[in-house]
Amino acid sequence: MNEPIVARHWLAIAAPKAAPAIATTTVLALARIWNANGAEHSVGNAVLMTALSAGAAAAGVAAGTSTGDSVLVGTAFAASGALAFAGVAGYADGLSLPLLLWSLATAGAYGLAARYWRTDRRETVAYERQTSERREERAHIERVETLHATTQIEVARTGAAYAEQLAQALVTRATLPGFDPTALERAGLPALPSVDMNKEH
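Owing to the predicted nature of the structure, the values given are computational and were not obtained by experimental measurement.

A. Examining the overall build of the protein chain more closely. The number of helices and strands found in the protein chain is 6 helices and 0 strands. Mapped in sequence order, the helices and strands of the protein chain form the string α-α-α-α-α-α. When the 201 residues of the protein chain are sorted by exposure, 14% land in the buried category. Contacts in the protein chain between residues at least 24 apart in sequence constitute 64% of all its contacts with a sequence separation of at least 6.

B. Quick look at the side chain of Thr24. You can see Thr24 is positioned in helix α1 (residues 10-39). At a separation of 3.3 Å, a polar atom in the side chain of Thr24 contacts the side chain of Trp102. The residues touching Thr24, leaving out its near neighbours within four places in the chain, are Phe85, Trp102, Ala105 and Thr106.

C. Representation of the packing of aromatic side chains within the structure. Evaluation of the coordinates by the stated rule reveals 1 aromatic pair. Ring geometry for Tyr110 and Trp117: centres 6.2 Å apart, planes at 65 degrees, overall edge-to-face. Residue classification places Tyr110 among the partly exposed positions, given a relative accessible area of 27%. Its relative accessible area of 26% is what places Trp117 among the partly exposed residues. Just above the ring of Trp117 sits the side chain of Lys17; from NZ or CZ to the centre is 4.1 Å.

D. Quick look at the environment of Ala109. Inspection of the secondary structure puts Ala109 in helix α4 (residues 96-174). With relative accessibility at 23%, the residue Ala109 sits in the partly exposed group.

Each value, and the rule that gives it
Residues numbered from 1 in each chain as written. Predicted model: local features only at pLDDT ≥ 70, side-chain atom pairs only at ≥ 80, totals over all residues. Heavy atoms only, no water. Helix = DSSP H or I, 4+ residues; strand = E, 2+ residues; numbered from the N terminus. Buried < 20%, exposed > 50% of the residue type's maximum accessible area, 1.4 Å probe, protein only. Contact = heavy atoms within 4.5 Å. Polar contact = N/O pair within 3.5 Å; in protein donor to acceptor, adjacent residues only side chain to side chain. Phe/Tyr/Trp six-rings, centres within 6.5 Å; stacked < 30°, edge-to-face > 60°. Lys NZ or Arg CZ within 6 Å of the ring centre and 35° of its normal.

Below, the structure is given as structure tokens:
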């Protein structure tokens, strides 16, 4: 059975690749907006973001030791890094340090994402390979069963044709003069139905 080919839209293909850059850029933009609204050189805001970042990192450590869930740990550390990045970008008075941190955060995000993309790609390739193998195995079984059924039909048809020809030959032979049906019985062949020679003549 042929499966339909589904073509993905280019946005659906590009969106996961652009997600890390969009995330870090969004954090940078929000931090600079926060900077313009009073966060610049605000010690209280810096302490708040430091505490939040440390709390997120501690949550990641706790999740790693208690549950071992890599997704939860990665999310906690990503949140910690984002909070630290936002705190520095909001506190700094220029764009040099925030842009430097943005480039480092973006590179780190792509480095982590590439690992998950490779794993996902390997799993996808393995799944496609297994699906293809199962499909080929089913097709092979169907071909073998089709050949087997066709062979049985041909054998049955040939046997029926041979039996019909043999019966016709025996009936024709029985009508000939001098035919002795007891000779067939002595040879071990099944007895033929008696033929009324008077009716034939």
